[in-house]
Amino acid sequence: MQKPTRKIATSIWAGATVLAVALAGSARAEDIVVSNYGVSANGMPFAVAMAKGFFKQEGANVTGILTSAGGGTTLRNMLAGNAPYAEVNPNAVIAAAQQGADVKIVSDNVLTVAEFVWAVKKDSPIKTVKDLKGKKLGYTNPRSTSQALATLVLQSGGLKADDAELVKTGGFGEGVAALDTGLVDATPIPEPLWSKYSSKYRAIAVAKDMLPPIANVLGVAAGSGLTPEKEAFIKGVIRARRLAVEYMQKNPDESGDIIAKVYNLEPEVARAAVRNLVSSTTNGVPYWGAGEIHMDGLKRAVDVQKMVGAIKGDVDLDKLIDTRYLPDDLKTVR
């Protein structure tokens, strides 16, 4: 099977000075940067947009999609690698802004955490979240979204954070391995892993059913200094991604086949993941958004990240948001 097509950027953080250098230059074809592209569900619309020619259709000549394992690395790659647009998690954007980077939130891409399921072995005595008391619950890494969501899941079952032992697994695949070997009693299994393993494990908590809309990943660009050509490119990327989300809703199986090639998945797994997520709504809010800003979800994301120490201090979201790149019908902040 074809392996994911990805370019891994290995830049280091150089602050606002690098940003100023990166913004220089004439209009040309551009890369974009997407956290966990080829692995996590957030970036799937970009695979569809590339395959269906939506970027070119909207005037954005995207030559490649850079990827990295985390939001902070993705943002550094954008700033140092001259990529005008990036998709990253909220805490990476806010942390960069607090360190003085000139970055703005330009689109709200994934509006919920509906890709998350917390699962146990089929023969586990754990039936509900309440049964996690005194048990070991996996999460990926300290100050990660999965750590924060683990706390919220426990709270949803009437438990406190210290009623269960949170165990760092280092990754979602590693969490599945830890569940198999008994190092944890339950672990998060997000899409598309859940569609791959759902027949093997049993869900005891499903995010879309128990957690409110929480901003998951955001579109980000430099706050100033962009050329008119780069601004037009960013607008085109946002429009193309919107077309891809609409296409996925109408054609989930064909979209799944496209994603399977990029994500190195079996077609039936990718199809199941797309069908699951395009049909998912959390309090009426879809998983993949068109780009418009949902302020309530952003505020919840800040609160969640503060809970685990990933974000500290006051955050003025209004100053971080720049809606000028959005289509006119999406400019209103909800």
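Per an unreviewed UniProt entry, the protein chain carries the name Solute-binding protein family 3/N-terminal domain-containing protein and comes from Bordetella flabilis. Note on the protein chain: under the UniProt heading Sequence similarities (unreviewed entry), the record states "Belongs to the bacterial solute-binding protein SsuA/TauA family."

### Thoughts on the pattern of salt bridges
By the definition in use, this model includes 12 salt bridges. Close ionic contact of arginine 324 with aspartate 322 constitutes a salt bridge, the shortest N to O distance being 2.6 Å. Members of the salt-bridge network, linked through shared partners, are Glu231, Asp322 and Arg324.

### Focus: the environment of glycine 289
Along the chain, glycine 289 turns up in strand E14 (residues 288–291). Taking the relative accessible area as the measure of exposure, glycine 289 reaches 3% and is therefore buried. In the structure, glycine 289 is positioned 43 residues away from glutamate 246 in sequence and 9.5 Å away in space, judged by C-alpha atoms. Excluding its chain neighbours within four sequence positions, the residues that come into contact with glycine 289 are Asp108, Asn109, Leu111, Arg241 and Val245.

### Here's the deal with the sheet that holds strand E9 (residues 187–188)
Strands sit in the order E9-E6-E10 across an open sheet of 3 strands; the sheet is antiparallel. Where the open sheet ends on each side, the last strands, each with one partner, are E9 and strand E10 (201–206).

The rules behind the values
- Residues numbered from 1 in each chain as written.
- Predicted model: local features only at pLDDT ≥ 70, side-chain atom pairs only at ≥ 80, totals over all residues.
- Heavy atoms only, no water.
- UniProt positions renumbered as here; feature names shortened; annotations may be inferred.
- Salt bridge = Lys/Arg side-chain N within 4 Å of Asp/Glu carboxyl O.
- Helix = DSSP H or I, 4+ residues; strand = E, 2+ residues; numbered from the N terminus.
- Buried < 20%, exposed > 50% of the residue type's maximum accessible area, 1.4 Å probe, protein only.
- Contact = heavy atoms within 4.5 Å.
- Pairing = 2+ DSSP bridges.

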